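# A look at the structure
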Amino acid sequence: MLLLADSGGTKAQWRVLDAGRVVCEVITNGIHPTFQDSETMKQLLVTALLPELTKISKSIDKVAFYCAGYSSSERMKRVDDALASVFPEATIFAYHDLLGAAHATCGKESGMAAILGTGSSSCLYNGKEIIHHVPSLAFALGDEGSGAAIGKEWLRAYFYGEVPKDLATSFYTEFQPDKDEVIRRVYQVPMPNAFLASFCPFLSANLDHSFVSHLVTECMDEFIKRQIMKYEGHQVLPLHCVGSVAWYFRDILKVATENHGVHLGKVLQSPMDGLVDYWKDEG
């Protein structure tokens, strides 16, 4: 049986395929080697995933794992070591989650694929492999269009007193934000990108407010200009996007792409269904 996973900065989705059919679905906290060491990843797998897999009669003999932050050799080793220690008898295939987005949306066709979730990333894909990737630079320097980037812009506007009073009051009622606590969460607590992205549901719920729609539009414009327009053929090839931010702000994303002459293709909340289709002959 094949264990298939897509892990972002906030959560990981798991599917077990038996003869191409999904027989088990599990959701755990995310595995992200930028912020976690091998032992932390291993403990998450042991405590949150393995108990669910014991309900399956057959053993896992293959793992296909797509992971945010699976890039440098050091980060890749952390993930590989954690998976190998938990599934010592399985053949393991680990990939960057950006390739997962391409597999899930482009399949075996050429196109541009992007992730807009807690973080953001994009690539040019030729139907087999990624041939160009504009670095996203993580939330402190880049991640344009991501939940973390949008959340950062929102908090900046709020604490600078730029948010209209009615919207600021609603935000305060729901979150009671404290400047010192926000700074502590960003600089001293693990997973600051997830913290920043946690404000996106509020913004999505208030998207009809002109201030929110303008803020999100500017973030999406920045994503298109600084990432997508760098790819050769960006006005011809479709741009497919996956992730919660792409999904909930898809109308604004569509306008942003049209404004820059880019054709928006598939927009998926999660790449998992596409990945199941891609791997169904292997499980």
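Reading the values: rules and limits
- Here the residue numbers are simple positions, counted from 1 along each chain's written sequence.
- This being a predicted model, a pLDDT of at least 70 is required before a residue's local features are given, and a value of 80 or more before pairs of side-chain atoms are given or counted; all residues contribute to the totals for chains, interfaces and linings.
- For side-chain calculations, the full set of non-hydrogen atoms in the structure is used, while hydrogens and water are omitted.
- A run of DSSP states H or I qualifies as a helix once it reaches four residues; a run of E qualifies as a strand once it reaches two. Both are numbered from the N-terminal end.
- Our radius of gyration is a C-alpha quantity, and the globule rule it is checked against amounts to 2.2 Å times the number of residues to the power 0.38.
- Residue burial is assigned from relative accessible area. The probe radius is 1.4 Å, only protein chains are included, and a residue is buried under 20% of its type maximum, exposed over 50%, and partly exposed in between.
- Throughout, a residue-residue contact means that at least one pair of heavy atoms, one from each residue, lies within 4.5 Å.
- Only the protein chains shown count as cover for residues, and all accessible areas are computed by the Shrake-Rupley method using a 1.4 Å probe.
- A positive count includes Lys and Arg, and a negative count includes Asp and Glu. His and the chain ends are not counted in either.
- Where a charge sits is defined by one atom per residue type, namely NZ (Lys), CZ (Arg), CG (Asp) or CD (Glu).
- For two strands to pair, DSSP has to find at least two bridges joining them.
- Here an axis means a line fitted to C-alpha atoms, over the contact stretch when the element is a helix, while the angle between two N-to-C directions is reported on a 0 to 180 degree scale.
- For classification purposes, angles smaller than 35 degrees are called roughly parallel, those larger than 145 roughly antiparallel, those between 65 and 115 roughly perpendicular, and all remaining angles oblique.
- Should the near helix be turned anticlockwise from the far one by less than a right angle, the crossing is left-handed, and should it be turned clockwise, the crossing is right-handed.
- Asp, Glu, Lys and Arg are counted as charged, while Ala, Val, Leu, Ile, Met, Phe, Trp, Tyr, Cys and Pro are counted as nonpolar; the rest, among them Gly, fall into the polar class.
- Stacked, tilted and edge-to-face are the three classes assigned to paired rings of Phe, Tyr and Trp, where Trp is represented by its six-membered ring and a pair needs centres within 6.5 Å; plane angles under 30 degrees give stacked, over 60 edge-to-face, the rest tilted.
- A ring has a charge above it when a Lys NZ or an Arg CZ is no more than 6 Å from the ring centre and no more than 35 degrees off the ring normal.
- What counts as a salt bridge is simple: a side-chain nitrogen of Lys or Arg found within 4 Å of a carboxyl oxygen of Asp or Glu.

## Remarks on the overall build of the protein chain
Within the protein chain, the regular secondary structure consists of 13 helices and 10 strands. Scaling as 2.2 N^0.38, a compact globule of 283 residues should have a C-alpha radius of gyration of about 19 Å, and the protein chain matches this with 19 Å. In terms of its C-alpha atoms, the protein chain occupies a principal-axis envelope of roughly 60 × 45 × 30 Å. Residues classed as buried in the protein chain amount to 51% of the 283 residues present. Sequence separation of at least 24 residues holds for 67% of the intrachain contacts in the protein chain that already meet a minimum separation of 6. Of the roughly 13,500 Å² of accessible surface on the protein chain, 51% is carried by carbon and sulfur atoms. Taking the 25 positively charged and 34 negatively charged side chains of the protein chain as two groups, their mean positions are separated by 1 Å.

## Some thoughts on the sheet that holds strand β7 (residues 120-125)
One open sheet accounts for 5 strands, arranged β8-β7-β6-β9-β10; its pairing is mixed. Each of the sheet's edge strands pairs with one partner strand only, and the pair in question is β8 (130-132) and β10 (264-268). Strand-to-strand twist of the sheet, defined as the mean angle between neighbouring strand axes without regard to direction, takes the value 30 degrees. Relative to strand β6 (residues 111-116), helix α3 (residues 97-105) is tilted by about 125 degrees, and along the sheet it contacts β6, β7, β8, β9 (239-242) and β10. Across the sheet, helix α12 (residues 250-259) is in contact with β6, β9 and β10; its angle to β10 comes to roughly 160 degrees.

## A short note on the environment of Lys58
In this structure, Lys58 sits in the loop between α1 (38-53) and β4 (62-67). The class of Lys58 is partly exposed, set by a relative accessible area of 47%. Each C-alpha atom, one on Lys58 and one on Asp18, is 9.0 Å from the other, the two residues being 40 residues apart in sequence. For Lys58, the contacting residues outside a window of four places in its chain are Met1 and Asp18.

## A closer look at the sheet that holds β4
Spatially, the 5 strands line up as an open sheet ordered β3-β2-β1-β4-β5, and their pairing is mixed. Only two strands of the sheet have a single neighbouring strand rather than two, namely β3 (21-29) and β5 (91-96). Across the sheet, the axes of successive neighbouring strands diverge by a mean angle of 15 degrees, strand direction being ignored. Inspection of the sheet shows strand β1 (residues 2-7) paired to β4 by 6 bridges, in the parallel sense. Bridge assignment links Ser7 to a residue of β4, and that residue is Cys67. The sheet contacts of α1 involve β1, β2 (11-18) and β3, and relative to β3 the element is tilted by about 150 degrees.

## A look at the packing of helix α10 (residues 210-226) against α12
With their axes 9 Å apart at the nearest point, α10 and α12 run at an angle of 50 degrees to one another. As the angle between them shows, α10 and α12 are arranged oblique. Handedness of the crossing formed by α10 with α12: right-handed. Together, Ser213, Val216, Thr217, Met220, Asp221 and Ile224 of α10 and Ile252, Leu253, Ala256 and Thr257 of α12 make up the contact between the two elements. Broken down by class, the residue content of the contact of α10 with α12 amounts to 6 nonpolar, 3 polar and 1 charged.

## Here we look at the packing of aromatic side chains
Under the counting rule described, the total for this entry stands at 16 aromatic pairs. Between the aromatic rings of Tyr158 and Phe159, the centroid separation amounts to 5.1 Å while the plane-to-plane angle is 85 degrees, which identifies the pairing as edge-to-face. Tyr158 sits in the buried class, given a relative accessible area of 16%. Ring pairs connect the aromatic residues Trp154, Tyr158, Phe159, Phe171, Phe175, Phe195, Phe199, Phe202 and Phe211, which therefore count as one cluster. The cationic tip of Arg250 hangs over the ring face of Trp247; the distance from NZ or CZ to the ring centre is 4.1 Å.

## Brief notes about the pattern of salt bridges
In this structure the tally under the stated criterion is 10 salt bridges. Salt-bridge contacts for Glu52 lead to Lys55; the nearest nitrogen and oxygen are separated by 2.9 Å. By relative accessible area, which is 64% here, Lys55 ends up exposed. The salt bridge partner of Lys254 is Glu258, with a shortest N-O separation of 3.3 Å. Of the two residues, Lys254 and Glu258 are both situated in helix α12; the distance of 4 residues between them amounts to about one turn of the helix.

## Overview of the pairing of β6
Within β6, 6 of the 6 residues are buried, which leaves the element mostly enclosed by the surrounding structure. Burial along β6 is two-sided: the residues Gly111, Ala113 and Ile115 and Met112, Ala114 and Leu116 are all buried. The turn joining β6 and β7, which pair antiparallel and follow one another in sequence, is formed by 3 residues. Bridge count for β6 against β9 is 4 bridges, and the pairing is parallel. When the bridges of β9 are listed, Ile115 appears paired with Val242.

Remember that the coordinates give geometry; whether it matters functionally is a separate question.
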